[in-house]
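Here is how the chains run, residue by residue.
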Amino acid sequence: MRVIAIVNQKGGCGKTTTTVNLAGCLAADGARVLVVDLDPQAHSTIAFGIDPEEIDENLYEVLAEPGGTERMEQVVVEAAEKIGLAPSGIVLSALEQRLAAERADSRTERLAAALATLPDRFEYVLIDCPPNVGLLTFNALRAAGEVIVPLETSRFAIHGVQKLLETIGLLSERVGHELDVRILPTLYDGRTRFARQTLAEIRSLFQDLCFDTVIRNNVKLREAAQRGEPIVNFAPRANGAIDYSALSVEVAASGGRLFSGADTVPSQREVVVQFRDGRAADVRIAGDFNGWVPDKGVRSLIESDGEARVWTKILQLPPGIYQYRYVVDGEWREDPDNPEVVTNDVGGRSSVLTVT
Ligand SMILES: Nc1ncnc2c1ncn2[C@@H]1O[C@H](COP(=O)(O)OP(=O)(O)OP(=O)(O)O)[C@@H](O)[C@H]1O
Ligand SMILES: [Mg+2]
């Protein structure tokens, strides 16, 4: 389970838009995603077409009492296909005061504990944070292994970001684990010189920390939020859908740290294999790691390199020795680029993959 907090104390920079639409694109790609709406404004909840006033229980019930964490599973509602939502409500704004008397570590580890009660249900947890660095954001950072900081390219203030990165750095020390922080340029309008310059500045400042994907300004993103749907469902051909799909591929490919709430899961490796073919239309991978079910639990990327198409398959595997085959337009084949093969139980040949 990868837990990713979407954080920036600055309002209106695209946290909620990123949470909802990244979730939509990851889910469209087959992943099961939990969205945790940690903002009392409940914008993520609303962006899934759910009225926070109509919900009986929200994250307040989970976070307000030590025993509340056990209720996480009950509080999660189905927001869209493959997307669960832990909804918010205005009452969350009272949490800070309510927990004021408690010990700092008990107050800030609630969300991590709640997520730990949901071990295998979701591959990704995306946490939408409020525009401040208070108790709720602290809870998110403690639960997360990764952080995405959306940065507006139209009104970029470097001072605020540096402060935020310092805070995250400080927190990493305090929470006892490092956070993998990445910057996402948002609200980009390439027609303005200011935005182009700002993007260049962000890239040179943050370099590898910056995603390659840039989220362009796209009015369909606003409309999708009003309609209560992620953009991939609402307007799959819009620039907003294209950009958030690109982001979801980048996020999936980056592997990330594997944190499962309070516990870490056994370490897995990201393994990438590629298949190149000029004629194939559909290429999947199956092996003993996914019960020989083609593409189960596998992320795919398809690119064209001129004459041929290249299928990139990204697997998350613990160390071990695995057998696999490609399924090319329905026909099972060994990997033409892998000399390591064994004869399998049914008399054919399987390729062998060793993960150290
Ligand atoms: N790429 C985009 N193109 C067009 N509009 C966008 C884009 N990203 C966000 N918006 C719009 O900008 C406004 C602010 O975005 P969003 O709510 O995602 O920011 P936020 O960081 O979550 O804000 P807050 O700090 O208040 O929670 C929203 O109306 C949203 O629909
Ligand atoms: Mg928001």
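This structure is a prediction, so every number in the text was calculated from the model and none was measured. (Residues numbered from 1 in each chain as written. Chains lettered and ligands numbered in written order. Predicted model: local features only at pLDDT ≥ 70, side-chain atom pairs only at ≥ 80, totals over all residues.)

**What about the overall build of the protein chain?**
Then, number 1: When helices and strands are tallied, the protein chain shows 13 helices and 17 strands.
Then, number 2: Taken against the 2.2 N^0.38 rule, which gives 21 Å for 356 residues, the C-alpha radius of gyration of the protein chain at 21 Å falls within 12% of a compact globule.
Then, number 3: Within the span of the protein chain, comprising 356 residues, buried residues form 42% of the whole.
Then, number 4: A fraction of 73% describes how many contacts in the protein chain between residues 6 or more apart in sequence connect residues 24 or more apart. (Helix = DSSP H or I, 4+ residues; strand = E, 2+ residues; numbered from the N terminus. Rg over C-alpha atoms; globule rule 2.2 N^0.38 Å. Buried ≥ 20, exposed ≤ 12 C-beta atoms within 10 Å, placed from the backbone. Contact = placed C-beta atoms within 7 Å.)

**Details of the site of ligand 1**
Then, number 1: Ligand 1 sits among 20 residues. The nearest are G11, K15, T16, T17 and P131.
Then, number 2: At the level of elements, α1 (15-28) and α11 (219-227) are the ones that each hand at least two residues to the shell around ligand 1.
Then, number 3: Per element, the largest residue contribution to the shell around ligand 1 is 4 residues, and it comes from α11.
Then, number 4: Among the residues making up the shell around ligand 1, the classes are represented as 7 nonpolar, 10 polar and 3 charged. (Near = placed C-beta within 6 Å. Nonpolar A, V, L, I, M, F, W, Y, C, P; charged D, E, K, R; others polar.)

**Digging into the packing of α1 against helix α13 (residues 239-253)**
Then, number 1: Following both chains from N to C, one finds α1 and α13 inclined at 70°, their axes separated by 8 Å at the closest point. Taken together, the axes of α1 and α13 lie roughly perpendicular to each other. The residues of α13 that touch α1, namely those facing N21, L22, C25 and L26, are G240, Y244, S245, L247, S248 and V251.
Then, number 2: Counted by class, the contact of α1 with α13 contains 6 nonpolar, 4 polar and no charged residues. (Axes fitted to C-alpha atoms, helices over the stretch in contact; angles between N-to-C directions. Parallel < 35°, antiparallel > 145°, perpendicular 65-115°, else oblique.)

**Section: the sheet that holds strand β12 (residues 299-304)**
Then, number 1: Taken in spatial order, the 3 strands of this open sheet run β10-β13-β12, and their pairing is antiparallel. Across the chains shown, the open sheet's two edge strands, defined by having one partner strand only, are β10 (269-277) and β12. Within this sheet the neighbouring strands show an average axis-to-axis angle of 20°, counted without direction.
Then, number 2: Pairing analysis gives 6 bridges linking β12 to strand β13 (residues 309-317), with the strands arranged antiparallel. (Pairing = 2+ DSSP bridges.)

**A look at the environment of A280**
Then, number 1: Following the sequence through the fold, A280 ends up in the loop between β10 and β11 (283-287).
Then, number 2: Along the backbone, A280 and Q207 are 73 residues apart, and their C-alpha atoms lie at a distance of 37 Å.
Then, number 3: Excluding residues within four positions of it along the chain, A280 makes contact with V328 and D329.

**Observations concerning the pairing of strand β17 (residues 349-355)**
Then, number 1: Both strand β14 (residues 320-328) and β17 contribute to a ladder of 5 bridges, which runs antiparallel. Counterpart to I321 in the pairing with β17 is T354.
Then, number 2: Two elements, strand β16 (residues 341-343) and β17, share 3 bridges in a ladder whose sense is antiparallel. Among the inter-strand pairings, V341 is bridged to a residue of β17, identified as S351.
Then, number 3: Counting the residues between successive antiparallel strands, the hairpin from β16 to β17 contains 5 residues, one of them, G347, with a positive phi of roughly 85°.

**Points about the nonpolar core**
Then, number 1: Counting 83 residues, the largest nonpolar core has V33, V125, I127 and A140 as the members making the most contacts within it.
Then, number 2: Here this core gets 7 residues from one element, more than from any other, and that element is α1.
Then, number 3: Discounting residues that sit within four places of it in the chain, A140 has contacts with A5, V7, L38, L111, I127 and C129.
Then, number 4: The next biggest cluster of nonpolar side chains, apart from the first, holds 11 residues, and it includes V298, W311, Y326 and L353. (Core = buried A, V, L, I, M, F, W, Y, C linked by C-beta atoms within 7 Å.)

**Some remarks on the sheet that holds strand β2 (residues 33-37)**
Then, number 1: In spatial order, the strands read β3-β4-β2-β5-β1-β6-β7; together these 7 strands make up an open sheet with mixed pairing. Pairing within the sheet leaves two strands with one partner each, and these edge strands are β3 (77-80) and β7 (180-186). Here the average twist between neighbouring strands, direction ignored, is 25°.

**Some thoughts on the domain arrangement of the protein chain**
Then, number 1: What the domain assignment lists for the protein chain is domain 1 (2-254) and domain 2 (261-355).
Then, number 2: Placing a centre on the C-alpha atoms of domain 1 and another on those of domain 2 gives a separation of 31 Å.
Then, number 3: At the junction of the two partners, domain 1 supplies 10 residues and domain 2 supplies 6 residues.
Then, number 4: Counting only elements with at least two residues in the side of domain 1 that touches domain 2, the list comes to α7 (110-116) and α13.
Then, number 5: With 4 residues, α7 is the largest single contributor of residues to the side of domain 1 that touches domain 2. (Domains from an automatic or database assignment.)

**Remarks on helix α8 (residues 135-143)**
Then, number 1: For α8, a buried count of 9 out of 9 residues is recorded, marking the element as mostly surrounded by other parts of the structure.
Then, number 2: Taken together, the buried positions of α8 are L135, L136, T137, F138, N139, A140, L141, R142 and A143.

**A short note on α13**
Because an α-helix completes one turn every 3.6 residues, residues spaced three or four positions apart along the sequence face the same direction.
Then, number 1: For α13, spanning 15 residues, the distance from its first C-alpha to its last is 21 Å, which sits close to the expected 21 Å at 1.5 Å a residue.
Then, number 2: For α13, the full list of buried residues reads G240, A241, D243, Y244, S245, L247, S248, V249, V251 and A252.
Then, number 3: Against α1, β7, α11, α12 (231-234), β12 and β13 lie the buried residues of α13.
Then, number 4: Looking at the residues trailing α13, positive phi occurs at G255, about 75°. (Expected span 1.5 Å × (residues − 1).)

**Considering the environment of V149**
Then, number 1: Considering the arrangement of structural elements, one finds V149 in strand β6 (residues 146-152).
Then, number 2: Separated by 207 residues in the primary sequence, V149 and T356 place their C-alpha atoms 33 Å from one another.
Then, number 3: If sequence neighbours within four positions are ignored, V149 has contacts with V7, N8, V161, L164, V181, I183 and L184.

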